[in-house]
Structures are given as C-alpha cells and as structure tokens.
Amino acid sequence: MSASATVESSDPIVVRAACPHDCPDTCALLVSVKDGVAISVRGDPDHPTTHGKLCAKVARYTERTYHPGRLLQPMKRVGPKGSGQFAPVSWDEALADIAARLKSIAARDPEAILPYSYGGTLGFVQGESMAARFFHRLGASLLDRTICSAAGEAGLNAVIGGKLGMDVEQFAHSKLILIWGSNSITSNLHFWTYAQQAKRAGAKLVCIDPWRNDTAEKCHEHVQLRPGTDAALAYALMHELITHDWLDHDYIAQHTLGFDALKARAMEWPPERAAAVCGVPVEQIRQLARDYGTLAPAAIRMNYGLQRVRGGANAVRAIACLPALIGAWRHEAGGLLLSSSNHFKADTAALERPDLLAGRTPRTINMVTIGDDLLRGSSPAFGPRVEAVIVYNCNPLAVAPEGDKVRAGFARDDLFTVVLDHFQTDTADYADYVLPATTQLEHVDVHKSYGHRYWLANNAAIAPLGEAKPNTEIFRLLAARMGFTDPCFAESDEQIAAQAIAADARNGDIAWASLKTTGWAKLPGAAAPLAHGGFATPSGKCEFWSQREADTGRDPLPEVLLPYECAETTPELAARYPLAMISPPARNFLNTSFGAVDSLRALEGQPLLLLHPQDAARRGIADGATVRVRNDRGSVQLQAHLSDRTRVGQVVGLGIWWRKHSPDGKNVNTLTHQQLTDLGAGPCFYDCLVEVAAA
Ligand SMILES: Nc1nc2c(c(=O)[nH]1)N[C@H]1C(S)=C(S)[C@@H](COP(=O)(O)OP(=O)(O)OC[C@H]3O[C@@H](n4cnc5c(=O)[nH]c(N)nc54)[C@H](O)[C@@H]3O)O[C@H]1N2
Ligand SMILES: Nc1nc2c(c(=O)[nH]1)N[C@H]1C(S)=C(S)[C@@H](COP(=O)(O)OP(=O)(O)OC[C@H]3O[C@@H](n4cnc5c(=O)[nH]c(N)nc54)[C@H](O)[C@@H]3O)O[C@H]1N2
Ligand SMILES: [Mo]
C-alpha cells in the first residue's frame, strides 16, 4: 500500500484517505489510482466503523471530483450578481485584485471583512488552519460557527461537561437503543450497522422522531412526537423512573448533583401531561419508561435533529440526565452518544494561531444571522457594515435560515465577495471572484470524528485538477499578497497535519507520521469512561442542577421550552400558518455538497413536501400536485407528496436542494427564521410554521 500517488504505473495503486464530509461516520477510504486518475473510492474493510461500506454519495466521490461542472480556473464576475455570468481570469490577476480590495477595506477597518465557513470539509488542514491564521492576522471579524450543533453542545456541556459519550462500536451490545432525533439510515449509516447487530441479538429499538423516517420504519417502536417537545417527554420518563423506582440510587448518590431538585421538577410531568404536549399516546410514554428502566444496558443515540428548535439545548440537557438516573453509564453498551468530539484533542491554537490577533478583539458575527447582518448598516452596537465576505467550505445562500434575506445581502452591489468552492454553487453566483478549490482526493488532511473514536489521515491520491488549489494554498498566496510574512504562512500542509494531533493523553501515541501510513488509529481510553463518574463538569458530577446556568440567570434545571412558532406560544401565527415544517436531510444529499452530482439528484427526484393526506384533503391538494408553501418570510414551490409518514399538522421538506435546482429558484430555507436557540445561539430550522396551498 502506497501513501501517495506520485508514481505513474499501469497497475492501480491504493491510497489511504478519509471522507471529509460533515457526517458522524468519517469513513476510512481506499482510493484506487491508475495512471494518475482516481478510478474508485471504497470503504476500508479493515476499519471497524467503516467496515468496507460507503454511503451512496461517497461511493460516487470520483463522479463528484471529475464532474464536468467542477471549477477548474479562477473566475471573475462579468454580469450582475446572481446572474452566474463569469469569465476565467489568471490566478495572478484574481489574487492581486482580491488583495488590493481587502487591503483598502482593512485600511479603514478590518472588521468590515468577514470569513464565512462551515462543514464542506471537516479536515483540520483544509478547514480553519491557514484560513484562520489569515483572518486573525488581518484582524477580520470573527465568525461564530453555530449553524449545526451549538445548542446540543451547550446542552451536553451543562450536564455531562462536553461532547463525550459512548463508543459507537458498543451499541452492538445494547439491549435497548433509543434513536432520538436521528435518522440514522440517512445521516449516520455506520451506526445503524451496530444497531442492526443489537437488534439481531434481541435488543429493542425505539425511534423518537416527528416523522416516520427510514430509520423509524425499521425500529420496533416509533414515538412520533411533535417537534420541539422532547424535554417534556424526557421529564415524563424521569417521572416514571422515579415513581417506579427504576433508579440506580448508588450511582445517583455518588456521581450526580441536584437529584432532589430534578425529582421535584420531574414530578410536575406525569405522562398524561407530556402526552398532551408531545401529541403521543400516554401508554407509549409509560411503556418507553418501563423499557428504559428495566432493559439493561440501555443506550441513547441522540443526534442533532432534536436541537434545531427554540428549546433545543434544554431538550438535550433533559435527555442527558437520563443515563445517570438508571446508572446506564456503568455499562460499556449503556449511556448516551450525541458527539464524540471531545474525546479527541486537537491543537487548535497551533492550527489557527489566535495569537496573530496581537491583542485585538474583533467583534463576532453569528453565522445563523448572516441574512440580517449583511443587510445591517454600521452602528455602535453592531460595528462597521460588512464590506467583504470570504466564503469557503460553505454555501450560505442555500443553507442559512431566512434565505431570501441571505440572498438580498449577498446581492448588495457594495459587498465584495470571494467564494472558494468546487462548484458554481448558489453562493458562488453572487461572488465577485470564484476560486477553484481541490477536493479530498487532491489534497492532504487529517480528521477526527464526531461519531467514533478514530483519527484518520487523508493522503492526496491525485494531482489537483485544472488550476484548482487547496484552501491552504489559496490563503498562503493571499497572505503573501497582503504582505504577511509570519513564518506560519510558509508552513506546508504536511506540517499543519502534524500540528493538528496535540501531544495529549487523550490522543495516546497517535501522530501524523505513522497515521498517514496506517490511515487510521483508535484513541486509547476506556469504552465506558463515566462508569465511575468523572464527568467533565466543574463538580466532576453529572449536573442535573447547574450552578453555571444559575449564575447566568437561567434555570439551573433543564427547562421545557416550546417552539418559537407553535399553537401554544404564538396562537395568532398558528391560526394563519397551522402547519409545522421540518426540513431534515434527504438521504442522497449531504447538505448541499452533492447537489451538483446529477445521478444523486436524479435519485431524489425533485424538491418535495410530505403532507399528511388529511391535511391535503382539507386543502384540495392531490398527490404530486405543485404546491406553494408560505409564511411571512416568503414562499417556495414544492411538489406535494401525500404520506402518513408525517403527522397531521406537520409537513416535511427534505433538504437541502440548491436554490437554482428548484422550480422557483428558492428552497426550504426561504421559510425558516433567524431566531436563536435557548443556549448556544444555534439555528431553529425545525421550528417553523407554514401554510400550503395548491399552486
Ligand atoms: N445523507 C445525509 N447524511 C448527513 C447529512 C445530510 O445532509 N445527508 N448531514 C450531516 C450533518 S451536517 C448532520 S449535522 C447530521 C444530521 O443528522 P441528525 O443529527 O440525525 O439530524 P437531522 O438529520 O437534522 O434530523 C434527524 C431527525 O430528527 C428529526 N427531528 C426534527 N425535529 C425533531 C424534534 O424536535 N425532536 C426529535 N426527537 N426529532 C426531531 C428529524 O425528523 C430527523 O428524522 O447528519 C450528517 N449526515
Ligand atoms: N433547512 C435546513 N437547513 C440546514 C440544515 C437542515 O437540516 N435544514 N442543516 C444545517 C446543518 S446541520 C449544517 S451542518 C449546514 C451545512 O452547511 P454547509 O457547511 O454550508 O454545507 P454544504 O451545504 O454541504 O456546503 C459546503 C460547501 O463546501 C464546499 N467544499 C467542500 N470541500 C471543500 C474544500 O475542500 N474547499 C472548499 N473551498 N470548498 C469545499 C462544497 O462543495 C459545498 O459547496 O446546513 C444547515 N442548514
Ligand atoms: Mo450539521
């Protein structure tokens, strides 16, 4: 096995790589390369959590890399913003002009420049390494990268002290698995393999989700609750655990804080009350509590779907209390997993060099509110008007909430926009310059995972296509043009990859030099690190009751907060827009990253709206009809798909389609709002009321 593909031969060589996409599975890849061309991408059969299997999307990674739509040259806009009219320019011309524009803005106020990036790649090298150094040195505005997991992270922090949890491989041995706010078959396929093993060994699988997704179809039980009501359900489970004494008193006494207060709160939530709030049968809640209290080891695979609502962080808090009550953490196959990120230790200070700020403290802009923030003028509270945005690893036009405002912001003629990407995305259409980036097959990277416990290496399998360059190289060249001479701007991608893995007990003896040949390596550390307590909270205990929350004036216990938009909190709005819309991912897309791949788009067909037959009948909507979905923020045209997989009063708009691939040039994010979650300042994509009519 060769580490890199610099030699040309007629026999394929195999290069070890890692899937870069924003997904908990972070698969180990084997790329076959023949005569400098990548001919296939397979899952590594030896890597335990990949087990030789890839999702339909990444199995087609070569189709994406060699797609005729790949950007292979720098492009300069020649038509109006949004028109998509661009002409090729040389790197020299593009870099010179971009540097000149940034210099003149920075001379007035560098905070008028904003980096905008997220999860196009989760690699440490092509993510926030050279890019962060560049923006820190410049003194640009900082970006709060909240668009996915911020609420869940805040919820976990409050109770267990971080993004820590079960080893995914242990789910194979669980006796009960609650799949909570996760469509595993779509967005965490390799976890599902372990859930299947557990099922074959007699485990019971329960899916807790507002719609009967592919995963719910295959579980024994589906608790089909209303979106944004999970905290009420969790409290009702606690109520039952306590009244039936299905508790681990010893674990509670030794390793938790605030049980009496939690108990008092839980007593306010008998199953009848939660059943009414959640819209599920009371007997189903009772049975779920009985299962959770009596089947051991009991595991919860929570995922981010449930925290995209106003009360998202508190819902995660409430659920995170459950394993300690029954002592599930004692078992390797018990407890909870939302994210495994904090089992790893990355050296972010070395990668991102915040010291280059040299004492400056730029303002921070929350990426969720980019729509409003691009349209804001200067003010003492906000700071300078945003004059330049550099977008990389992200497609805000399609993924950020209240998309029509995001579009209007990027359409500003006085905004200078640079987009680094593989494709001419919705966002790229609004750029002044589009710079061609390399894909994972063409550059070096190193990855951790948020769903398992392996570090992975990504070796470059092929040379960059056309004139494409890695993000790192683009920022290196821009730094040179800006006159930044700090030595860190001369570091190679290999050097950066080596910096990523911190010298830290959490990483054991894992280091880049060996990782790039082995491809992957598992973290040391016990499968059940919380068996004897040792939570990462200030008290070292599982904090049912949080002093930190109390100190900031919030409820020290998990709170039940219903959505911003629902009949209880906004009855007048609900009268006009009676349908709750959720917009979770479609199986053959990865956010918008595979939107360009025709074969995957063909599998998804067209942008759909799942509508319950009763709701459709009331509105005279037939299956397959074109419908207009609207609220005060805008309207979008979708195709109605009548299905009892959604609840009455709830619609599902699977995402995320490129706006330009949609019939009226908009997508579901036209309808979503920019309000923030209770903690963590995350987005509320699944907290959205709409009305639907035949178009
Ligand atoms: N195929 C595919 N895989 C992906 C992605 C993709 O786009 N496509 N995206 C990747 C990314 S970036 C992420 S963050 C993850 C996302 O994957 P998950 O973390 O699993 O989150 P979602 O897919 O947003 O939602 C999962 C489920 O939560 C449900 N849900 C919505 N609201 C609620 C609620 O209030 N309560 C409960 N209990 N459930 C609710 C949704 O209906 C959905 O079935 O997946 C990653 N994997
Ligand atoms: N309505 C609704 N909206 C959502 C969600 C939802 O469930 N519903 N999910 C939300 C979630 S969980 C997330 S994480 C966000 C995701 O939002 P984003 O992080 O923006 O993810 P993508 O849409 O996949 O866009 C990533 C872009 O990066 C590009 N890219 C990939 N690799 C590289 C690289 O190496 N270099 C460069 N320069 N570019 C690269 C890809 O081609 C793609 O255009 O969307 C959020 N938006
Ligand atoms: Mo995400």
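Scroll up to find the structure.
Residues numbered from 1 in each chain as written. Chains lettered and ligands numbered in written order. Predicted model: local features only at pLDDT ≥ 70, side-chain atom pairs only at ≥ 80, totals over all residues. Heavy atoms only, no water.

> An account of the site of ligand 1 is needed here, citing residue identities and associated values.
Close to ligand 1 lie 34 residues, the nearest being Asp209, Asp230, Tyr304, Phe589 and Tyr686. At a separation of 2.9 Å, an oxygen atom of ligand 1 approaches a polar side-chain atom of Asn303. One of the backbone N or O atoms of Gly305 is found 3.1 Å from an oxygen atom in ligand 1. For ligand 1, the accessible surface in isolation is 900 Å², of which the surrounding protein chains cover 98%. Two domains each provide a minimum of three residues to the shell around ligand 1, namely domain 2 (151-338) and domain 3 (571-694). (Near = heavy atom within 4 Å. Polar contact = N/O pair within 3.5 Å; in protein donor to acceptor, adjacent residues only side chain to side chain. Areas by Shrake-Rupley, 256 points an atom, 1.4 Å probe, with all protein chains shown as cover. Domains from an automatic or database assignment.)

> Describe the packing of helix H11 (residues 271-278) against helix H12 (residues 282-294), and please don't skip the residues or the numbers.
Relative orientation of the contacting elements H11 and H12 amounts to 120 degrees, with a least axis distance of 8 Å. With respect to their mutual orientation, H11 and H12 come out oblique. When the axes of H11 and H12 are compared, the crossing they make is right-handed. The residues of H12 that touch H11, namely those facing Pro271, Glu272, Ala274 and Ala275, are Val282, Ile285 and Arg286. Grouping the constituent residues of the contact of H11 with H12 by class yields five nonpolar, no polar and two charged. (Axes fitted to C-alpha atoms, helices over the stretch in contact; angles between N-to-C directions. Helix = DSSP H or I, 4+ residues; strand = E, 2+ residues; numbered from the N terminus. Parallel < 35°, antiparallel > 145°, perpendicular 65-115°, else oblique. Left-handed = near helix turned anticlockwise from the far one by under 90°. Contact = heavy atoms within 4.5 Å. Nonpolar A, V, L, I, M, F, W, Y, C, P; charged D, E, K, R; others polar.)

> Describe the site of ligand 2, and please don't skip the residues or the numbers.
Around ligand 2 lies a shell of 31 residues, among which Asp421, Asn471, Thr592, Ser593 and Tyr686 are the nearest. In this structure, an oxygen atom belonging to ligand 2 sits 2.9 Å away from a main-chain N or O atom of Gly119. At 2.8 Å from an oxygen atom of ligand 2 is found a side-chain nitrogen or oxygen belonging to Tyr686. Burial of ligand 2 by the surrounding chains reaches 97%, relative to a free accessible area of 910 Å².

> I'd like to hear about helix H4 (residues 150-160), residue by residue, with values.
For H4, the tally of buried residues reaches nine of 11 residues, placing the bulk of the element in the interior. Looking at H4, one finds that the buried residues are Ala150, Ala151, Gly152, Ala154, Gly155, Leu156, Ala158, Val159 and Ile160. Among the structural elements, helix H13 (312-326), strand S13 (335-337), strand S21 (542-543) and helix H21 (547-551) are those in contact with the buried residues of H4. Trailing H4 by a residue or two, Gly161 shows a phi angle of about 95 degrees, which is positive. (Buried < 20%, exposed > 50% of the residue type's maximum accessible area, 1.4 Å probe, protein only.)

> An account of the sheet that holds strand S3 (residues 37-43) is requested, with residue identities and associated values reported.
If you trace the three strands from one edge of the open sheet to the other, you get S1-S2-S3, paired in antiparallel fashion. Since the sheet does not close on itself, it has two edges, and those belong to strand S1 (13-18) and S3, each with one partner. Strand-to-strand twist in this sheet, taken as the mean axis angle between neighbours without regard to direction, amounts to 30 degrees. Pairing geometry for strand S2 (residues 28-34) and S3, over six bridges, is antiparallel. Within S3, the position partnered with Val33 by the bridge is Ala38. (Pairing = 2+ DSSP bridges.)

> I'd like a description of the pairing of strand S8 (residues 176-180), backed by residues and values.
Among the five residues of S8, five are classified as buried, and the element is accordingly described as predominantly covered. Strand direction decides the pairing type here: S8 and strand S12 (residues 298-302), joined by five bridges, are parallel. Bridging from a neighbouring strand, Ile179 pairs with Arg301 of S12.

> Can you tell me about the layout of surface pockets, naming the residues and giving the values?
Approximately 1300 Å³ is the volume found for the second largest pocket. Tyr118, Glu128, Arg145, Lys163 and Glu352 are the residues nearest the centre of the second largest pocket, which is lined by 43 residues in total. Classifying every residue of the lining of the second largest pocket gives 19 nonpolar, 15 polar and nine charged. When residues of the lining of the second largest pocket are assigned to domains, at least three map to each of domain 1 (75-148 + 344-443 + 465-502) and domain 2 (151-338). (1 Å grid on protein atoms, 1.4 Å probe; cavity = no way out; pocket = protein on both sides within 12 Å on 5 of 7 lines; lining within 4 Å. Points joined across faces, edges and corners; volume = space filled by probe spheres on them.)

It is worth stressing that arrangement in space is one thing and function is another; only the former is reported here.
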